[in-house]
Amino acid sequence: MLTEQEKQEISEELKHCERPEAAAIEALRVVQKKRGWVSDASLRDVAAQLSMTPAELDAVATFYSFIFRKPVGRHVIALCDSMVCWSLGHDDLYKLISTKLGIGYGETTGDNRFTLLPASCLGACDRAPAMMVDDELFGPVTPETIDEILSKYS
Amino acid sequence: MERPLTKNIRPNEDPLSLMEYEQAGGYRAVRTMLSTMSPQDVQVQVKASNLRGRGGAGFPTGMKWSFVPMGENAPKQKYFIVNADEMEPGAFKDRYLLEGDPHQLIEGIVVAAYAIQASHAYIFLRQGYGRAELLLNKAIAEAYENKLLGENILGSGFSLDLRIHTSAGRYICGEETALINALEGKRATPRAKPPFPQVSGLWGRPTVVNNVETVVNLPHIVNNGADWFKSIGGINDSGTKIYGVSGRVRNPGLWELPMGTMVSDLIEEQAGGMMDGYRLRAFMPGGASTDFLTPDHMNVRMDFDSVMKAGSRMGTGTITVLDDRTCPVGFVHSLEKFFRRESCGWCTPCREGLPWIERTLQAIETGKGEMSDLDLLTEQCRLLGPGNTFCALAPGAVEPLQSALKYFLEDFESHINNKHCPWKSI
Amino acid sequence: MVTIFIDNKPHQVKPDQNLLQACLSLGFDLPYFCWHPALHAVGACRQCAVKQYKDDKDAKGRIIMSCMTPVSEGLRISVDDPEARAFRKGIVEQLMLNHPHDCPVCDEGGECHLQDMTVMTGHNYRRSRFRKRTHQNQDLGPFLNHEMNRCIQCYRCVRFYRGVAGGRDLNVFGAHDHVYFGRHADGPLESEFSGNLIEICPTGVFTDKTLKEHYTRKWDLQTAPSICVHCGVGCNTIAGERYGSLRRIMNRYNRDINGYFLCDRGRFGYEFVNSHKRIRTPLVKSPSPPAGEGRGEGGKPADRETVLTHIADILSKAKGVIAIGSPRASLESNFALRTLAGENSFFSGIGNEEQSLVSLIIDIQKNSPASSPSLREIQAADAVLILGEDLPNTAPLMALAVRQASRNKQFEIAAAMKLPLWDDNAVRNAGQSAKSPVYIISPAETRLDDVAAKTAHVPIQDIVRLASAISQKLDPNIPPLSSGERTEVRGQDVDALAKEIATVLMNAKHPLIVSGTGCQSTGVVQTAANIARALQLKGKAVQLAFAVHECNTLGAALLGGRTLDEAFTVMQDGLADTVIILENDLYRRADEASVEQFLGRAKNIIVLDHIMHRTADQADVVLPAATFAESSGTLINYETRPQRYNEVFVPRGDIQAGWKWINAIMMATQHPAPGGFATLDDIIRKMSRELPLFAELADLVPPAGFRIAGQKVPRQSHRYSGRTSMIADRTVHEPKPAYDADSPLAFSMEGSEQQPPAPLISRYWSPGWNSVQALNRFQQEVGGDLRKESTGTRLIKMIGGQSEYFRIDLSEDPAESPQYFIFGSEELSNLSPALGKRRPMDDQQDPRMTM
Ligand SMILES: Cc1cc2nc3c(=O)[nH]c(=O)nc-3n(C[C@H](O)[C@H](O)[C@H](O)COP(=O)(O)O)c2cc1C
Ligand code: SF4
Ligand code: FES
């Protein structure tokens, strides 16, 4: 079930849309913001509000990489693996984070604190290697600074 | 040297508020335009300025606009869309403009929308540009409050509704027709052209998509005229350009310089040359989808035509350097991994060819390559070439690969022969 | 026509089409996947590449996608160019990277478009050494099997399912090389057109689950051209048999009717032919229980001679014999029965209300100036008014045609923007949600409502009210309703709605009114006719379609038997004591008590049918009649178009066509009527002589004596295998193939491989084209008429112009309409196990459904 507030925010988005399905991404993001990800149940609820079928909404949801259709941890680390970041040390950084947290790409720590994802270029090539944790951008990230960054997220 | 686009940008500080922006001469273009110019006038001036799109292809902006139906019989609703998707590896210039001077972008949007008589405008913002979103929203609110957006702007009778759409990720959203599908709430697969968006775009109505950097030039052209715009440019091309350099250089960053600035100037002077202990092996002039050039091309001017003549494309104008201590095979592999992941999955060569390329490169990089792989890669490059795929993503993806096969052939061969990557310790 | 040059040879082609279509029509072997004649072009698969040259000096050329290129005067291309060939081969190679190569265990094997195209391009060696991606499959319900690993991502399935059929529960998920076609979650596909995915999918992702139950390769099926028997639309099918059981139904292209598609009732209903309820031998209850006593069930099997003697005995002693025909039996069987019993003792076997409605519809068709449209004509309508009919449940393919008609607005918009109409996405993007106006006024919601501009779900009398109001807006001279005009029905402002609809119909170029027998309401049918007439008087080329619910409703009605009520009366009055019932369960036609009484009074009941039902249970003698698959005959569809179905296989034992049984009875009784009818041609000749309406029937299909180069048309493919061992468990001698005296088709693999006339096409195959796409080779132009088309005819030609407006009496109308279900309402398909699984819960069902 969507909360009243979620429904409210989605109807707000709907007001600005030529057709309800145009609000699909915004609506999914409303849910994701609150719950971290979009469960099947939420997807069906959102679809109903947008007069879409679950299949129609899921077709859109699964196309985009930052609509999560599987549970994620409290924080999502998006580590840029595109060429500039790659050449400035992505692989080492990945190994480091992965050892520290005990997870690989696509995985979530046992305490549900972090999910680690590979990201396509974050538009921060002058700060390579770069990564985002939730909405915050970090770069250049070095083995020295990584602990400090991670420690900000509980 | 004039730096119209970045003169207001104060690195590491908040951008100008509306008041500050107006004090610095902002929104003058909108005021002049709305009181003294017809849409046609604006179009004529932009055409005369020879402004070429900064989204990568360098298509003349005035010409692009001229395909939009105008006048009485034109559809009532038209759209202007700013492409702020910037997801191409190596490109980071639009972020700078978005975060640095949002009002400048809004002013440019009003100019463009007026010129084509659009009723609605969107900024299509990539996922992950949260700060830009915040700042833009603030600026848009200010503009609405001051009647620079919304109904009847400054009492001129011209109305414009501006909204931000934040993408949920996928490089292909930057392709203008895929972008339109994304805005309609669909899967962002591209549309075939023709029909061009100017005729049948968002919701089947006339639509123009322009890059952020293209748009921010517009107020200055209106203010200072076409001749001025040409005068601040270089030999071949008008205006300034936001150039960038990233990779193992001393001082990676962005600079606004006249069109046609020399590569050497950018890498050696602005970026301070290579980091200590590294030599320049090659560079990509404008993002991950442009062919490699080599130190032999240091004297190429960075404008659309000159880079083309040198065998690559200027693309976004943000140079990526490849140094001599980075494995070119690994580098290209990382690149193709990006393209593989970001393909929309609509057309066969891109959807199937890129994974094959990527896995082959991975095999070579990890010492499992075979000599026949090189022919295969060449063949796939041809198969994914321009015109063969549905959109330009795949041709862009194979450009760097085909030039890598040309310039780094020995590296490929040694990987295969020695069954491991020379840059990696065994 | 424009001239294009292909490999330097000039060719004349029609303008306004894409190059791929032109090349295929010219007979070039050009591979393709994402394009389909009914789905048009989207340019996704990149398989159809050719070289284009600027002019005759251009030697280099460039690769283009033929499906996305308009033909234009002077266009120069090469299909044969090595680079183009290499490109096409490269695309197939890419498509095969993840394909499981499981042809030997794949149901599509041997009729797979992907196989054909792979061979066509010459790709035959796997170079990739990487692992293939795999997917999980879904349970999509009783009709379709799902095997996603075989998918080549041509996007046809979603484009058909969503874009053509309007289904909303199948879609594409994911991106890049991980795209998945299926449902959001496991579960039966909701669209009643899902079965078309079998033919739309170019490989084995969606295959026929019912076929899987008794699988046979395409080349091992004995097939014949047939007609669907599950509703009144009359879709053309190809039915396939092996080992005496019917294995599957596929589409048979008929441009005027079903085009490329079928509904799931028609495709999967066939299994009744193999049902355990089949009557396989004559059954006799002996001695006949005395009249008036419960007869109990079943009789004892008897042989043919015994039963015929027994019948002769019954008939000779009978004090009056009456015969009841059937709207689901062939015209020939009905006619034979009528001959046996005599015109005055023949009753049509349609329920009373329905019979009067159908007669009314026939009268309207005879007299009304509005022509009865084919589905192709329905599809061309630019404004549609549906009155009272739940089309998706009563005439599914007609619903599909109306759905396509609703898209005409999009085409109009696209044409105004000068977009090529074959550019599917361009048309959809330009047209967005624009729709040609469709108004649905019906007793309940229908699955077509999503394309409607407006719907009104109101009781039948209000349907008549609304329709009458519309007619009066069009012509104030139309007499008002006898009673009960209203200004508002169910919250709808009658005047406003009537005005809106009348205006829309007046502004349309091709307005269409659809109604039918669904409401069992004279008023609904009459107001529909009034509206059509009013439009016609205003100079509109209006069309008027009436859905009828059984495969031969119109055939039975046109034969003109008396009503069932009259039969009941005759029996009640003691004017007859014996009744012969042809392929009809009377309990579906009239209320239980009347039927009980009627059958109770009959001293002798003789039933001819293929399945046991309550009526057959009561019979003294039951004769095993052949189904459509085991006999040949003619059915007349909703537009009065007669169509021939052909015997697919020779039934075992005594099963034979109804008309053959009746002929045998006539012989056994030394019936006085002149001339027996040993063959179908005999009976048709007799019928067309006696009944002028059927004069053209003999020309419908080439007669049995027709030969191509001295040969019959084979029902078996020339690769048909195992023929000599099929009955090896019983005999090692290969029997002589049965001789078919009723049609030019042979129960054999020997015969002419040339393309026969359209009504005799028993399979689509052409060298290099083993899949259904071989149909391209049978068409004059791809997507157009068949090469040897005989365009068929309607028995009732427009003659009208003389008709008067109906004066409508509201009080005659029933208050409630029965509810119809595509799965469950029709008697025969209901016996198919797969369909049974899609039937609505029993408590939703009207126990006395008339269809
Ligand atoms: C795969 C692909 C990605 C693209 N991404 C972007 C992008 O992120 N930003 C952009 O401005 N243009 C991008 N483009 C180019 C746009 O399609 C379009 O040409 C451009 O926005 C036009 O702007 P301009 O005329 O101002 O250059 C992309 C093109 C392709 C084929
Ligand atoms: S080239 Fe084809 S698959 Fe690749 S992004 Fe473009 S349309 Fe999609
Ligand atoms: S058939 Fe032409 S691209 Fe698919």
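Residues numbered from 1 in each chain as written. Chains lettered and ligands numbered in written order. Predicted model: local features only at pLDDT ≥ 70, side-chain atom pairs only at ≥ 80, totals over all residues. Heavy atoms only, no water.

1. Description of the overall build of chain B
Phase 1: Counting secondary structure elements, chain B contains 16 helices and ten strands.
Phase 2: Against the 2.2 N^0.38 benchmark of 22 Å for 426 residues, chain B shows a C-alpha radius of gyration of 22 Å, consistent with a compact globule.
Phase 3: With the principal axes as the frame, chain B shows a C-alpha extent of 75 × 45 × 35 Å.
Phase 4: When each of the 426 residues of chain B is scored for burial, the buried share is 67%.
Phase 5: Long-range contacts, defined as pairs at least 24 residues apart, comprise 70% of the intrachain contacts of chain B with a sequence gap of at least 6.
Phase 6: Surface summary for chain B: the accessible area is close to 14,300 Å², and the carbon and sulfur share equals 49%.
Phase 7: One finds the centroid of the 44 positive side-chain charges in chain B at a distance of 3 Å from the centroid of its 49 negative side-chain charges. (Helix = DSSP H or I, 4+ residues; strand = E, 2+ residues; numbered from the N terminus. Rg over C-alpha atoms; globule rule 2.2 N^0.38 Å. Buried < 20%, exposed > 50% of the residue type's maximum accessible area, 1.4 Å probe, protein only. Contact = heavy atoms within 4.5 Å. Areas by Shrake-Rupley, 256 points an atom, 1.4 Å probe, with all protein chains shown as cover. Lys, Arg positive; Asp, Glu negative; His and termini not counted. Charge placed at Lys NZ, Arg CZ, Asp CG, Glu CD.)

2. Some words on the overall build of chain A
Phase 1: Helix and strand content of chain A: six helices and five strands.
Phase 2: In chain A, the succession of α and β elements from N to C terminus is α-α-α-α-β-α-β-β-β-β-α.
Phase 3: Principal-axis analysis of the C-alpha atoms places the extent of chain A at approximately 50 × 30 × 25 Å.
Phase 4: Taking all 154 residues of chain A together, the buried fraction comes to 53%.
Phase 5: By sequence separation, contacts in chain A at least 24 residues apart represent 58% of the contacts at least 6 residues apart.
Phase 6: Of the charged side chains in chain A, 16 are positive and 24 negative; the average position of the first set lies 4 Å away from that of the second.

3. Quick look at the site of ligand 2
Phase 1: Taken together, 13 residues lie near ligand 2, and Ile172(B), Cys344(B), Cys347(B), Cys350(B) and Cys391(B) sit nearest.
Phase 2: The class makeup of the residues in the shell around ligand 2 is ten nonpolar, three polar and no charged. (Near = heavy atom within 4 Å. Nonpolar A, V, L, I, M, F, W, Y, C, P; charged D, E, K, R; others polar.)

4. Section: the sheet that holds strand S11 (residues 236–242) of chain C
Residue and element names in this part refer to chain C.
Phase 1: Spatially, three strands are ordered S10-S11-S12 in an open sheet, and the strand pairing comes out antiparallel. Here the strands that pair on one side only, and so sit at the sheet edges, are strand S10 (222–227) and strand S12 (245–251). This sheet shows a mean twist of 30 degrees between the axes of neighbouring strands, independent of strand direction.
Phase 2: Pairing geometry for S11 and S12, over six bridges, is antiparallel. Note on S12: the bridge partner recorded for Glu-241 is Leu-246. (Pairing = 2+ DSSP bridges. Axes fitted to C-alpha atoms, helices over the stretch in contact; angles between N-to-C directions.)

5. Points about the nonpolar core
Nonpolar side chains in soluble globular proteins tend to end up buried together.
Phase 1: In terms of nonpolar packing, the biggest core is built from 354 residues, with Phe80(B) and Phe412(B) touching the most fellow members.
Phase 2: The biggest single contributor to this core is helix H6 (residues 102–116) of chain B, with ten residues.
Phase 3: Formed by 47 residues, the second largest nonpolar core is a distinct cluster that contains Ile478(C), Ala508(C), Ile513(C) and Cys519(C). (Core = buried A, V, L, I, M, F, W, Y, C linked by side-chain atoms within 4.5 Å.)

6. Thoughts on helix H15 (residues 424–431) of chain C
Phase 1: Taking burial as the measure, the eight residues of H15(C) include six buried ones, the bulk of the element.
Phase 2: The set of residues buried in H15(C) consists of Asp424(C), Ala426(C), Val427(C), Asn429(C), Ala430(C) and Gly431(C).
Phase 3: Along its buried surface, H15(C) packs onto helix H8 (176–183) of chain B together with helix H4 (156–164) and helix H14 (408–416) of chain C.

7. Focus: the side chain of Ser748(C)
Residue and element names in this part refer to chain C.
Phase 1: Relative to the helices and strands, Ser-748 is located in the loop between strand S30 (745–746) and helix H25 (833–836).
Phase 2: Judged by relative accessible area, Ser-748 falls into the buried class, the value being 6%.
Phase 3: A polar atom in the side chain of Ser-748 sits 2.7 Å from the backbone nitrogen of Glu-750. (Polar contact = N/O pair within 3.5 Å; in protein donor to acceptor, adjacent residues only side chain to side chain.)

8. Details of the pattern of salt bridges
Phase 1: Summed over the entire model, instances satisfying the criterion amount to 93 salt bridges over all chains.
Phase 2: Taking the shortest distance from any N to any O, the salt bridge between Glu56(A) and Arg168(C) comes out at 2.7 Å. Of this pair, Glu56(A) sits in helix H4 (residues 54–61) while Arg168(C) sits in the loop between H4 and strand S7 (171–175), placing the two residues on different chains.
Phase 3: The exposure class assigned to Glu56(A) is buried, which follows from its relative accessible area of 12%.
Phase 4: With its nearest N and O atoms 3.8 Å apart, the salt bridge here joins Glu342(B) to Arg170(B). In this pair, Glu342(B) sits in helix H12 (residues 328–342) while Arg170(B) sits in the loop between strand S3 (161–166) and H8, placing the two residues 172 residues apart along the sequence. (Salt bridge = Lys/Arg side-chain N within 4 Å of Asp/Glu carboxyl O.)

9. Overview of the packing of helix H1 (residues 4–15) of chain A against helix H2 (residues 24–35) of chain A
Residue and element names in this part refer to chain A.
Phase 1: Closest axis-to-axis distance for the H1/H2 pair is 9 Å, and the angle between their directions is 155 degrees. Relative to H2, H1 is oriented roughly antiparallel. The handedness of the crossing between H1 and H2 is right-handed. Note on element contacts: H2 touches H1 through Glu-26, Ala-27, Val-30, Val-31, Lys-33, Lys-34 and Arg-35, opposite Gln-5, Glu-6, Glu-9, Ile-10 and Glu-13.
Phase 2: For the contact of H1 with H2, the residue count by class is four nonpolar, one polar and seven charged. (Parallel < 35°, antiparallel > 145°, perpendicular 65-115°, else oblique. Left-handed = near helix turned anticlockwise from the far one by under 90°.)

10. Side note on the interface of chain A and chain B
Phase 1: Taken together, the contact pairs 37 residues of chain A with 53 residues of chain B.
Phase 2: For the pairing of chain A and chain B, the buried interface totals around 3,500 Å² over both sides, and the portion due to carbon and sulfur atoms is 56%.
Phase 3: Its largest share of buried area at the contact with chain B, chain A owes to Phe63(A), Tyr64(A) and Met83(A), together 22% of the area lost on that side.
Phase 4: Taken together, chain A and chain B are joined by three salt bridges.
Phase 5: Here Glu18(A) makes a salt bridge to Arg205(B), at a shortest N to O gap of 3.0 Å.
Phase 6: Our count for the contact surface shared by chain A and chain B stands at 19 residue pairs in polar contact (both at pLDDT 80 or more).
Phase 7: Those elements giving two or more residues to the side of chain A that touches chain B turn out to be H2, H4, helix H5 (83–101) and strand S3 (114–119) of chain A.
Phase 8: Top element by residues in the side of chain A that touches chain B is H5(A). It accounts for five residues. (Buried area = accessible area lost by both parts, 1.4 Å probe.)

11. Details of the site of ligand 1
Residue and element names in this part refer to chain B.
Phase 1: Around ligand 1 lies a shell of 18 residues, among which Gly-55, Lys-64, Asn-210, Asn-211 and Thr-214 are the nearest.
Phase 2: Contacts to ligand 1 include Asn-83, whose side-chain N or O atom sits 2.9 Å from an oxygen atom.
Phase 3: A distance of 3.0 Å is found between an oxygen atom of ligand 1 and a backbone nitrogen or oxygen belonging to Glu-86.
Phase 4: For ligand 1, whose free accessible area comes to 610 Å², the fraction covered by protein is 88%.
Phase 5: Examining the composition of the shell around ligand 1, we find that three residues originate from one element, strand S4 (residues 207–211), more than from any other.
Phase 6: Looking at the shell around ligand 1, its residues break down into five nonpolar, seven polar and six charged.

12. A closer look at the domain arrangement of chain B
Bring the parts together and some accessible area is lost; that lost area is often taken as the interface size.
Residues and elements named next belong to chain B.
Phase 1: Examined at the domain level, chain B breaks down into domain 1 (18–231), domain 2 (240–323) and domain 3 (328–425).
Phase 2: Of note, the centres of domain 1 and domain 2, computed from C-alpha atoms alone, are 27 Å apart.
Phase 3: The interface is formed by 16 residues belonging to domain 1 together with 20 residues belonging to domain 2.
Phase 4: Buried surface at the junction of domain 1 and domain 2, summed over both partners, amounts to about 1,400 Å²; 61% is from carbon and sulfur atoms.
Phase 5: Taken together, domain 1 and domain 2 are joined by two salt bridges.
Phase 6: Salt-bridge contacts for Asp-305 lead to Arg-52; the nearest nitrogen and oxygen are separated by 3.2 Å.
Phase 7: At the surface where domain 1 touches domain 2, the tally comes to eight residue pairs in polar contact (both at pLDDT 80 or more). (Domains from an automatic or database assignment.)

13. What to know about the interface of chain C and chain B
Phase 1: The interface of chain C with chain B comprises 39 residues on the first partner and 43 residues on the second.
Phase 2: Considering only the side of chain C, the residues that lose the most area to chain B are Gln94(C), Arg129(C) and His176(C), jointly responsible for 20% of the buried surface there.
Phase 3: Linking chain C to chain B there are four salt bridges.
Phase 4: With a closest N to O distance of 2.7 Å, Asp177(C) and Arg340(B) form a salt bridge.

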